[in-house]
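This is what each chain is made of:
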Amino acid sequence: MKAFMRNAWTLALLVLPLVCYGGGKKEAEQPSSGPALPAATQRPIANLSWDSPELSWRQDTSPVRYSLFLDIAWAPMDVWGNDHVSQKVTELTGVSFEVTKRQDANHLNTIIASGEYPDAIFVFANKYKYEDPAISQPWNKLIAQYCPEFAQLIDPSAIAGATKDDGNYYTLYTHFRNAAYWADPAQPVSYGEADLMFRSDIMAALGNPRIESLDDFYNVLKLCKQRYPDYTPYLEPNVNSEAIMSWMGLDFRFSDFKVGPNGRLSLIIRDKEKAREYFAFKNKLVREGLMSVEGLTYNFEQQKQAILAGKVFATAAQIYDVDLFNSELAASGSGNYYTALNKPLTYQGAIRYAPVDANPGFAGLYITTACKNPGRLIRLMEFMFSPQGDRLTQWGVEGLDYTLNASGLPIINTAIDWKTRGDNVWYFGATFMTEVQKALVPADPKFSQVTQLMYDFKKYWTGDPLLGKTVPLPETPENETKTSIATFYNNNRNIIISARNDREFESAFNSFYAELESLDLDSYLAFAQAKYDRAKANAR
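Residues numbered from 1 in each chain as written. Predicted model: local features only at pLDDT ≥ 70, side-chain atom pairs only at ≥ 80, totals over all residues. Heavy atoms only, no water.

As for helix α9 (residues 214–227)
Operational definition: For the purposes of this entry, the term helix denotes a DSSP run of H or I that reaches at least four residues, the term strand denotes a run of E that reaches at least two, and both are numbered from the N terminus. An expected span of 1.5 Å times one less than the residue number is assigned to each helix. Only protein chains enter the accessibility calculation, which uses a 1.4 Å probe; a residue whose area is less than 20% of its type maximum is buried, one above 50% is exposed, and one in between is partly exposed. In what follows, residue pairs with any heavy atoms lying within 4.5 Å of each other are defined as contacts.
Over its 14 residues, α9 extends 20 Å from the first C-alpha to the last, a length consistent with the 20 Å expected when each residue adds 1.5 Å. Buried residues of α9: L214, D216, F217, Y218, V220, L221 and C224, and no others. Contacts from the buried residues of α9 go to β4 (194–199), α8 (200–205), β5 (232–235), α10 (243–247), α11 (272–287) and β8 (312–318).

Comments concerning the pairing of β8
Heads up, the rule is: When DSSP locates at least two bridges between a pair of strands, those strands are taken to pair.
The element β8 is extensively covered by neighbouring structure, given that six of its seven residues are classed as buried. With five bridges joining them, β4 and β8 adopt antiparallel strand pairing. Considered in β8, the bridge of M197 is made with T315.

Focus: the environment of L341
Relative to the elements of secondary structure, L341 occurs in the loop between β9 (338–340) and β10 (356–357). You can call L341 buried: its relative accessible area is 13%. Residues L341 and E301 lie 40 residues apart in sequence; the distance between their C-alpha atoms is 22 Å. Those residues in contact with L341, other than ones at most four positions away along the chain, are D195, L196, F198, I211, W247, L453 and F457.

Examining the packing of helix α4 (residues 139–146) against helix α14 (residues 375–384)
The condition that has to hold: Orientation is described by axes fitted as lines to C-alpha atoms, over the contacting stretch for helices, and by angles from 0 to 180 degrees between their N-to-C directions. Should an angle lie under 35 degrees it is considered roughly parallel, over 145 roughly antiparallel, and from 65 to 115 roughly perpendicular; all remaining angles are considered oblique. Gly is put with the polar residues, along with every residue not named as nonpolar or charged; the nonpolar set is Ala, Val, Leu, Ile, Met, Phe, Trp, Tyr, Cys and Pro, and the charged set is Asp, Glu, Lys and Arg.
α14 packs onto α4 with a crossing angle of 95° between their chain directions and a minimal axis gap of 10 Å. With respect to α14, the axis of α4 lies roughly perpendicular. Taking contact as the criterion, the partners of W139, L142, I143 and Y146 in α4 are, on α14, G375, I378, R379 and M381. For the contact of α4 with α14, the class distribution of residues is six nonpolar, one polar and one charged.

What to know about the pattern of salt bridges
Keep this limit in mind: Salt bridges are defined as contacts in which a side-chain nitrogen from Lys or Arg sits within 4 Å of a carboxyl oxygen from Asp or Glu.
Overall, the coordinates contain 26 salt bridges when judged by the stated rule. Notably, a salt bridge pairs R253 with D251, separated by 2.8 Å at the nearest N-O pair. Assessed through its relative accessible area of 24%, R253 is described here as partly exposed. A salt bridge links K438 to D423; its shortest N-O distance comes to 3.0 Å. Remark: D423 occurs in the loop between α16 (418–421) and α17 (432–439) and K438 occurs in helix α17; sequence separation between them is 15 residues. A relative accessible area of 9% places K438 in the buried class. On the basis of relative accessibility, which here comes to 0%, the residue D423 falls in the buried class. Salt bridges sharing common partners tie together D165, K531 and R534.

Some points on unusual backbone geometry
The general pattern is negative phi for most residues beyond glycine and trans for most peptide bonds. Unusually for a residue other than glycine, H175 sits at a positive phi of about 60°. When you line up the elements, H175 lands in the loop between α6 (156–162) and α7 (179–183). Unlike most non-glycine residues, Q348 shows phi in positive territory, near 55°. Mapped onto the elements, Q348 comes out in the loop between β9 and β10. For Q348, a relative accessible area of 60% translates into the label exposed.

Considering the nonpolar core
The test is simple: Only buried residues count toward a nonpolar core. Its members are Ala, Val, Leu, Ile, Met, Phe, Trp, Tyr and Cys residues joined through side-chain atoms within 4.5 Å.
Ranked by internal contacts, the top residues of the largest apolar core, which has 93 residues, are L196, F198, F217, Y234 and F313. Not counting residues within four places of it along the chain, the set of residues in contact with F217 comprises L196, F198, I211, Y234, I244, F281, L285, A314 and L345. Of all hydrophobic cores here, the second largest spans 64 residues; its members include V95, I154, F176 and F383.

Things to note about the sheet that holds strand β11 (residues 364–367)
Here four strands make up an open sheet; going across it, the order is β2-β1-β3-β11 and the pairing mixed. Each edge of the open sheet carries a strand with a single partner, namely β2 (95–101) and β11. This sheet shows a mean twist of 30° between the axes of neighbouring strands, independent of strand direction. In this structure, strand β3 (residues 120–123) lies alongside β11, joined through four bridges in antiparallel fashion. Bridged to A120 within β11 is I367. Helix α3 (residues 107–114) contacts β1 (64–71), β2 and β3 of the sheet and is inclined by roughly 125° relative to β1. Across the sheet, α14 touches β1, β2, β3 and β11, and the angle it forms with β2 is around 95°.

Function cannot be inferred from these measures alone, as they are strictly geometric.
Printed below as a string of structure tokens:
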């Protein structure tokens, strides 16, 4: 969920004192911004919406300043108030921040260990560490006290996805996608969708053969090898290479588990029949010289260089990459062009592709126990989660950082750099759709396949954020099993795929599954089932 931007004006609010930074012995040394915010009235708001003038965040926009730890390593700034977005947030809400930006992976751990917390933490990694009442104040309690109508505006499934075993939610995750999102064909899938892409000129020379099934794919690779023996028919790198695996129904990119009838979970990698079909198909490509064995170790840069060298017919990548490859090929003057498939390939006459998004969200803002005046912070989050706050923090200031096209999509003003705009840095309430809408407006219309592809693949997807609850915590037996499965798969898959004959294939495949079953898979499955069942019960 990275971003692109920067700023221009200056506000006198930056000289305002901190509300609080640090707990315990440091508390008396901190200046105060004034009395704590009184609790909100419980009077219901008629015709409640994000535009209601009675929303709690609108009731007090006087200047107030908090301390913030920004755990977004790629952010181009570490000061609030120097970019357009943060200036506008302060102008609208009165809230500003004294920012400490992450310096390394252990920076926040050191602060937490010291007990000298900032007022707020915005973090995307290891969020479980801060979902602890000793560190963070539960949002559900703060909302009930300071902005009760906020709870009515929040998607209940987002609350369910963020609620912990103690019944509290300590944040709401950004970029959350609910069931309605996945059911709506007007909403696109991610530009990270796995796909295959082909050199258009070679396809034309081969007579533009049909590619609708994996058998068709195999046959066109054979045609390429016959016609262009010095080419690599198919390059599958070590990254973004899951298209064939997923299309054959062996998709564990998003969760180790699949939900079956009556909510019963199964381990996807335990489906030995589908795994055999997948590995056997890939092994056939290798043994017939249709897929590069060396390419199986390539990172993205190595893959791109091979494509720019002009001897690759087909490759696996994210749909975003087809436009990137084509723009770089055009810049190099090669004249080559790739076209991505606009649907998954069938296997044995059927579409097996049925991905389930299990991601409960990306990042979260936590209000720590050190903050003595949390009311304005939780009310700020009411603004951040509104469509107004979402667009501001992800697109910038309208008319300055972006304009809207006829479809209502943002055309980002790239003449203003990211650090000046400030979008996708302070995006504490960001939605997935608002971020991806930027990608729906191609920078160059000549290279814009990804725009349509994000819609073409959407219909195959569903979402189940409660599956995200099955992810075990670090330093637990279940996490050891999960890590072992991933490590074992990554270390052995190419051994099976690269087998030189049937005997080697059977030996490698059977050894893989014998060792896999030696892991404590049953305990891992039982753990996940219990977590999933509890999450479903809490969501009711």
